[in-house]
Amino acid sequence: MTKVTRFAPSPTGALHIGGVRTALFNYVYAKQNKGKFLIRIEDTDLERSTREFETNILQGLSDLGINPDEPPVRQSERSDLYQKAVNQIIESGNAYYCNCSKERLDEMRAAQQSKGLKPQYDGKCRNLALEADASNVLRLKTPQEGELIFHDLVRGEVIFKNSELDDLILLRSDGTPTYHLCNVIDDYEQKVTTVVRGEDHLSNTPRQIHIQNALGYPSLEYAHLPMVLGPDKKRLSKRNAVTSLQDYFDQGYLESSMINMLARLGWSKGDKEIFYIEDLISDFRIQEVQKAGAIFDSVKLDWINNHHLAALSFDDFEKRLMPFLKVVGIDCSQKSNGKDIITAMRSSQPTLLGVAKDLVPYFSSLSSYDEKAANKFLRGSESVLEFVQRKLNGLETWNEESIDKVLKDAQTSLSLPTPKLNQPIRIAMTGSTQSPSLGLTLSLFDVAEVNHRINAALEYLANNSS
Ligand code: GLU
């Protein structure tokens with residue numbers, strides 16, 4: 001049978017990391033089984049759902065290449081389907097109307113809790129044969145004895161006691177269907193075969209299976225994924241991590257890096273760390289997903305992004321970098337050797353925004369020096385700066401090799417350890433102690449600019465001598 005999976009987000013917030021991981025695993029599982037991947041917008045909570053969030057979710061997935069095989073559907077537009085199914089449940093005798101007041105239910109729950117019992121509906125209206133009425137809810141007649149057992153692709157056999165599942169509400173008193181009901185009907189109507197979702201839905205599954213049974217629907221395959229945790233091992237949230245996918249794109253993490261990172265949240269293949277979507281489609285095994293929570297590690301994401309950035313051709317890298325250069329105010333065309341500068345600096349930082357920021361001193365004049373670096377290395381370095389400046393000005397050929405020779409000779413002449421010679425010049429040129437090898441760094445500027453920056457450093461030292 002063709003496998004059909006779905007990602008069923010509620011558009012009550014922007015697309016977040018945990019959701020993308022769920023969508024990815026659904027997508028990969030469908031693709032590797034030559035099946036279909038669908039998206040369903042679960043927007044029955046009209047107060048909290050917005051079209052902006054829906055667009056954000058669909059756009060984020062599309063940016064990642066996680067595209068559905070059919071146009072997404074919205075639950076808010078499928079009331080007819082739900083109504084038909086509800087009529088069927090009522091006719092089968094598997095549901096009943098209940099007129100218990102909120103006060104009664106609250107009291108009942110409080111009494112159960114005070115006895116240390118799990119709060120649940122006591123079935124008062126189960127056999128009263130009440131009619132539909134403006135204040136009545138419709139409840140499912142959940143079997144009261146026995147167990148509900150299902151096989152989970154990740155967790156193996158999962159068992160729930162029916163006595164612990166109460167008669168859940170299918171229709172609210174205003175006649176609108178509840179989340180569980182819509183979810184089950186849609187999975188059936190969309191011919192879904194496999195439900196891959198977060199472990200937070202595990203306890204919903206037996207309830208939903210009872211609804212399926214009441215409607216005579218075929219059973220589904222389930223895989224409940226471990227929760228995504230923050231560095232503090234608590235559930236990933238805005239409090240312990242950046243959770244919005246867009247925020248990662250805004251920093252210059254590549255789509256392929258996000259996919260790589262998310263795939264490793266709860267799944268691994270030996271020591272292999274770098275995966276592209278095609279690798280996942282061939283290598284991923286849902287049965288290998290772990291049960292324990294998976295920690296989202298931003299250091300690892302940086303490492304992964306470094307790899308993915310390094311794998312880009314120069315042209316692709318430059319294309320991806322452009323929007324970030326704009327953010328930091330660099331116009332690359334203003335320098336004839338712009339491409340050389342980018343080549344030298346492309347692995348300076350793990351994100352495109354970081355690289356763009358590091359490029360600023362190469363395209364614009366320096367406005368300040370890193371204070372700590374200046375205090376440590378620039379202070380007292382006047383004679384070094386002047387010596388190297390003189391030697392550089394004597395060069396006939398201006399390239400990395402000839403500059404390297406000047407630096408080496410200067411080090412011998414002055415008998416200085418490398419940092420004492422290199423760091424003052426590096427700070428004079430870039431404002432900080434971080435740059436590619438010094439010969440290469442200097443070669444990215446012309447002699448006039450090198451003179452200008454060394455003079456500026458000397459001036460700074462003259463004005464800041466204590
Ligand atoms: N709409 C649910 C959520 O956003 C997902 C339900 C499901 O995947 O079955 O958590």
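Heads up: the structure comes first, above all this text.
Let me sum up the structure you'll find in this document. The model shown is predicted, which means the values in this text are computed figures rather than measured ones.

Conventions and cut-offs
- Residues numbered from 1 in each chain as written.
- Predicted model: local features only at pLDDT ≥ 70, side-chain atom pairs only at ≥ 80, totals over all residues.
- Heavy atoms only, no water.
- Pairing = 2+ DSSP bridges.
- Helix = DSSP H or I, 4+ residues; strand = E, 2+ residues; numbered from the N terminus.
- Axes fitted to C-alpha atoms, helices over the stretch in contact; angles between N-to-C directions.
- Parallel < 35°, antiparallel > 145°, perpendicular 65-115°, else oblique.
- Contact = heavy atoms within 4.5 Å.
- Nonpolar A, V, L, I, M, F, W, Y, C, P; charged D, E, K, R; others polar.
- Near = heavy atom within 4 Å.
- Polar contact = N/O pair within 3.5 Å; in protein donor to acceptor, adjacent residues only side chain to side chain.
- Areas by Shrake-Rupley, 256 points an atom, 1.4 Å probe, with all protein chains shown as cover.
- Phe/Tyr/Trp six-rings, centres within 6.5 Å; stacked < 30°, edge-to-face > 60°.
- Buried < 20%, exposed > 50% of the residue type's maximum accessible area, 1.4 Å probe, protein only.
- Lys NZ or Arg CZ within 6 Å of the ring centre and 35° of its normal.
- Arc of directions from axis to C-beta.
- Expected span 1.5 Å × (residues − 1).
- Salt bridge = Lys/Arg side-chain N within 4 Å of Asp/Glu carboxyl O.
- Core = buried A, V, L, I, M, F, W, Y, C linked by side-chain atoms within 4.5 Å.
- Right-handed = clockwise from strand over helix to strand, strands pointing away.

### So, the sheet that holds strand β5 (residues 137-140)
Link 1 in the chain: A sheet is described by the order of its strands in space; here three strands give the open sequence β4-β5-β8, paired in antiparallel fashion. The open sheet has two edge strands, β4 (95-98) and β8 (169-171), and neither has a second partner. With strand direction ignored, the average angle separating the axes of adjacent strands in the sheet is 45 degrees.
Link 2 in the chain: In this sheet, β8 lies alongside β5 in antiparallel orientation, the contact comprising two bridges. In the strand pairing of β8, Arg 139 is matched with Ile 169.

### Observations concerning the packing of helix α11 (residues 314-327) against helix α12 (residues 338-345)
Link 1 in the chain: It is the contact of α11 with α12, at a shortest axis distance of 11 Å, that shows an interaxial angle of 95 degrees. Classed by the angle they form, the pair α11 and α12 counts as roughly perpendicular. Counting all contacts with α11, which are made through Phe 314, Phe 317, Glu 318, Leu 321 and Leu 325, the residues of α12 involved are Lys 339, Ile 342 and Thr 343.
Link 2 in the chain: When its residues are assigned to classes, the contact of α11 with α12 shows five nonpolar, one polar and two charged.

### Here we look at the site of the ligand
Link 1 in the chain: In the neighbourhood of the ligand, the contacting residues comprise Arg 6, Ala 8, Pro 9, Ser 10, Glu 42, Tyr 179, Asn 183, Arg 197 and His 201.
Link 2 in the chain: Measuring from an oxygen atom of the ligand, one finds a side-chain N or O atom of His 201 at 2.9 Å.
Link 3 in the chain: Notes on the ligand: free accessible area 300 Å², of which the protein chains cover 80%.

### Side note on the packing of aromatic side chains
Link 1 in the chain: Tallied over the entire structure, the rule returns 11 aromatic pairs.
Link 2 in the chain: Arranged with centres 5.7 Å apart and planes meeting at 70 degrees, the rings of Tyr 248 and Phe 296 form a pair that is edge-to-face. With a gap of 48 residues between them, Tyr 248 in helix α7 (residues 245-251) and Phe 296 in the loop between β12 (294-295) and α10 (298-310) connect regions that are remote in the sequence.
Link 3 in the chain: Overall, the relative accessible area of 3% leaves Phe 296 in the buried class.
Link 4 in the chain: Ring centres 5.4 Å apart and planes at 20 degrees place the aromatic pair Tyr 362 and Phe 445 in the stacked group. Of the two residues, Tyr 362 is situated in helix α13 (residues 352-363) and Phe 445 in the loop between α18 (438-443) and α19 (447-463); the sequence distance between them amounts to 83 residues.
Link 5 in the chain: Given the relative accessible area of 1%, Tyr 362 is considered buried.
Link 6 in the chain: Under the relative-accessibility criterion, Phe 445 is labelled buried at 3%.
Link 7 in the chain: Members of the aromatic cluster, connected to one another through ring pairs, are Phe 25, Trp 267, Phe 275 and Phe 284.
Link 8 in the chain: If you follow Arg 139 out to its NZ or CZ, it ends over the ring of Tyr 121, 3.6 Å from the centre.

### Quick notes on α12
Link 1 in the chain: Of all the residues in α12, the buried ones are Gly 338, Ile 341, Ile 342, Ala 344 and Met 345. The arc enclosing the buried residues of α12, seen along the axis, measures out at 160 degrees, which places them on a common side.

### What to know about helix α16 (residues 400-414)
Link 1 in the chain: Look at α16: 21 Å from first C-alpha to last across 15 residues, which is about the 21 Å you get at 1.5 Å a residue.
Link 2 in the chain: Residues of α16 that are buried include every one of Ser 402, Ile 403, Val 406, Leu 407 and Ala 410, and no others. Projected onto a plane normal to the axis of α16, the buried residues spread over an arc of 140 degrees and lie on a single side. Those residues of α16 that are exposed and aimed more than 90 degrees away from the buried face are Glu 401, Lys 405, Lys 408 and Thr 412.
Link 3 in the chain: Summarising the contacts, the buried residues of α16 are in contact with α15 (382-393), α17 (418-430) and α18.
Link 4 in the chain: Immediately downstream of α16, the backbone of Ser 415 shows phi near 50 degrees, a positive value.

### A word on the pattern of salt bridges
Link 1 in the chain: With the rule as written, the count across this model stands at 27 salt bridges.
Link 2 in the chain: In this structure, Arg 78 engages Asp 186 in a salt bridge whose closest nitrogen and oxygen atoms are separated by 2.6 Å. Here Asp 186 lies in helix α5 (residues 179-189) and Arg 78 lies in the loop between β3 (73-74) and α3 (79-92), a separation of 108 residues in the sequence.
Link 3 in the chain: On the basis of relative accessibility, which here comes to 15%, the residue Arg 78 falls in the buried class.

### Remarks on the pairing of strand β6 (residues 147-152)
Link 1 in the chain: In β6, alternate side chains face the same way, and those of Leu 148, Phe 150 and Asp 152 are buried while those of Glu 147, Ile 149 and His 151 on the opposite face are not.
Link 2 in the chain: Note: β6 against strand β7 (residues 156-161), six bridges, orientation antiparallel. Its bridge partner being in β7, Leu 148 is matched across the sheet by Phe 160.

### Overview of the nonpolar core
Link 1 in the chain: Among the nonpolar cores identified, the biggest contains 46 residues, and Leu 321, Leu 359, Leu 385 and Leu 442 are the most heavily contacted of them.
Link 2 in the chain: Tallying contributions element by element places α13 first for this core, with seven residues.
Link 3 in the chain: Contacts of Leu 385, omitting those with residues within four sequence positions, involve Leu 378, Pro 424, Ile 425, Ala 428, Ile 454, Ala 457, Leu 458 and Leu 461.
Link 4 in the chain: Within the second largest apolar cluster, 45 residues are counted, among which are Phe 7, Val 28, Leu 61 and Phe 296.

### What about the side chain of Glu 255?
Link 1 in the chain: Among the structural elements, Glu 255 can be located in helix α8 (residues 255-263).
Link 2 in the chain: Glu 255 has contacts with Asp 63, Leu 64, Phe 249 and Arg 320, leaving out every residue within four places of it along the chain.

### Overview of the pairing of strand β9 (residues 194-198)
Link 1 in the chain: Across the five residues that make up β9, a large majority, five, are buried.
Link 2 in the chain: Note that the unit made of β9, helix α6 (residues 204-215) and strand β10 (residues 221-225) has a crossover that is right-handed.

### Brief notes about the side chain of Thr 142
Link 1 in the chain: For Thr 142, the position within the fold is in the loop between β5 and β6.
Link 2 in the chain: In terms of polar contacts, Thr 142 uses its side chain to reach the backbone carbonyl oxygen of Asp 166, at 3.3 Å.
Link 3 in the chain: In this structure Thr 142 touches Arg 126, Leu 165, Asp 166, Asp 167, Leu 168 and His 210, once residues within four positions along its chain are discounted.

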